[in-house]
Amino acid sequence: MTTSPKEILLVGLGAVGSICAFCLKKGGLARITVVARSSHALVNDYGVHIKSRRYGEIIGWKPDRLCRSVSDAADQKYDYVIVTSKALPDLITTSTMLAPLLSSTYTKHFGQPIYALFQNGLKVEQDLYDALVALGEQPNSKIISTSLYTMTNITTPGVVEHLSMADSIFLGIYRHGDFTTCVNSDEEMKILAGLAAPLDSGGFQVQLVPEIQRKKLAKNLINVVFASTATLTNYTVPALFRPAPKRGSTSYEPYLEPQTASSINQYTIPVLRAMLLEVEALARALGFPDTKDEFPSSLVDETIANQKRMHEDPRNTHVPSMLLDARKGQPIEVEVIVGSIVIMARERGVPVPVSPDFAKSATLLNRPQRIETLYALLLVIQNQALGRKLSSPALQIS
């Protein structure tokens, strides 16, 4: 017995959205409607040009249906609504972006879909949860949260560079204010499996997890430390790790200049490690156990080692999306990536150390000082970007 394809609406055709939509359509188990606001005319006329290390070069790719706005797309029932737009709550909330779907009129005609947030950072689900409550819905099991690993950028308008040889995603049910329930009900498993199937068929490595927030926090280790550092220095992550090109070999930039590499290793890397330890301290306050399958203490050094391995590669041209946006003068995901850590730590009075090893530290503070410093500095970049964006006649989030 064949099953009909899932009706999926994907909001946001940036780099991540393009790869997700491409894979979902390629898998053949879903019919994909895409909302592409800022790039609608370009994609409608020419499609998306994908240059992928895994899938090759695809010219003129288009989804099954392309819409200019969520309002235009709110004319049918969807099984899942995937949000790949960047989470910028200080500019526009997810619930505002999805307002045509979160209306009594839409609900009366089509019911409410399952929402899946393919977004970086923490606390990204909160305002959508509140909107569903205000609508009179029971939001439990209505929101899937994710931790997504891919390397992709938009290099020029309409051109997506996909550097990953494997894309992976963790899917889990969002449970408001609950970080410790570690079992999925039969209903929750069915909801997760319904989205996992088309993703898996399209080439993603999919894992269904009983508690998603610890996986999101683990992914945020990379963004809160390495993406923030790249943004503040205006150098991509290879500047921390990649050896200089050998004489006679292909040149590349950035790389770790040998003359002062010892200073980076002596001062910079230990500070970055200390920031990762601050995130680990928050993980413990949230009740995430120090076990292999939960949030192991080894994750700190494993994160550094993995970043080093990936960014030593001379072929690695990936630019963290936060840095890319800063270079363009666009708003950055500072609130969900960095601000959320600061807020959650303050809420829980997390003891965070001055010394690099909090397990041995005798001096404890009640907030993550190093990450707060990142947050304070990144807010200056965000303030300027928001000023330009808010004064623009057209407010568009890609």
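Everything that follows concerns the structure shown earlier in this document.
Bear in mind that the values here come from a model prediction, so they are computed numbers and not experimental data.

Draft legend 1. Representation of the nonpolar core in the model. Core analysis: the biggest nonpolar cluster contains 66 residues, and Leu98, Leu217 and Val338 have the highest contact counts within it. Counting residues per element, this core draws most heavily on helix 10 (residues 261-285), at 9 residues. With residues near it in sequence (within four places) discarded, Val338 still touches Val224, Ser228, Glu333, Ile371, Leu374, Tyr375 and Leu378. In terms of nonpolar packing, the next biggest core, distinct from the first, is built from 36 residues, Ile8, Leu13, Ala30 and Val160 among them.

Draft legend 2. Just the packing of aromatic side chains, in detail. All chains considered together, the criterion is met by 8 aromatic pairs. Pairing Tyr129 with Tyr174 gives two aromatic rings, centres 6.0 Å apart and planes at 80 degrees, and the pair type is edge-to-face. One end of the pair, Tyr129, is in helix 6 (residues 126-134); the other, Tyr174, is in the loop between strand 11 (168-173) and helix 7 (186-201), and 45 residues separate them in sequence. The same class applies to Tyr129 as to Tyr174, namely buried. Centre to centre, the rings of Phe226 and Phe241 are 6.2 Å apart; their planes meet at 45 degrees, and the pair counts as tilted. Here Phe226 is found in helix 8 (residues 213-233), whereas its partner Phe241 is found in helix 9 (residues 238-241), with 15 residues between them in sequence. Judged by relative accessible area, Phe226 falls into the buried class, the value being 2%. Owing to a relative accessible area of 8%, Phe241 belongs among the buried residues under this scheme. Joined through ring pairs, the aromatic side chains of Phe22, Tyr55 and Trp61 make up one cluster. The aromatic ring of Tyr149 is capped on one face by Lys219, whose charged end is 5.2 Å from the ring centroid.

Draft legend 3. Region of interest: unusual backbone geometry. Looking along the chain, the bond that leaves Glu253 and enters Pro254 is cis, with omega of -10 degrees. The residue Pro254 is located in the loop between helix 9 and helix 10 in this model. Positioned with a positive phi, Ser141 is a non-glycine residue whose angle comes to about 70 degrees. Overall, Ser141 belongs to the buried group, its relative accessible area being 7%. Phi angles above zero are rare outside glycine, and Asn234 is one such case at about 65 degrees. Tracing the chain through its elements places Asn234 in the loop between helix 8 and helix 9.

Draft legend 4. Just the state of the cysteines, in detail. A full pass over the atoms with the stated rule returns 0 disulfides. Looking at the unpaired Cys23, the closest cysteine sulfur is the one in Cys20, lying at 7.0 Å. On the basis of relative accessibility, which here comes to 1%, the residue Cys23 falls in the buried class. Here Cys67 is not cross-linked by a disulfide; its sulfur's nearest cysteine counterpart is in Cys20, at 18 Å.

Thresholds, definitions, all that
- Residues numbered from 1 in each chain as written.
- Predicted model: local features only at pLDDT ≥ 70, side-chain atom pairs only at ≥ 80, totals over all residues.
- Heavy atoms only, no water.
- Core = buried A, V, L, I, M, F, W, Y, C linked by side-chain atoms within 4.5 Å.
- Buried < 20%, exposed > 50% of the residue type's maximum accessible area, 1.4 Å probe, protein only.
- Helix = DSSP H or I, 4+ residues; strand = E, 2+ residues; numbered from the N terminus.
- Contact = heavy atoms within 4.5 Å.
- Phe/Tyr/Trp six-rings, centres within 6.5 Å; stacked < 30°, edge-to-face > 60°.
- Lys NZ or Arg CZ within 6 Å of the ring centre and 35° of its normal.
- Disulfide = S-S within 2.5 Å.

Geometric values such as these leave the question of function open.
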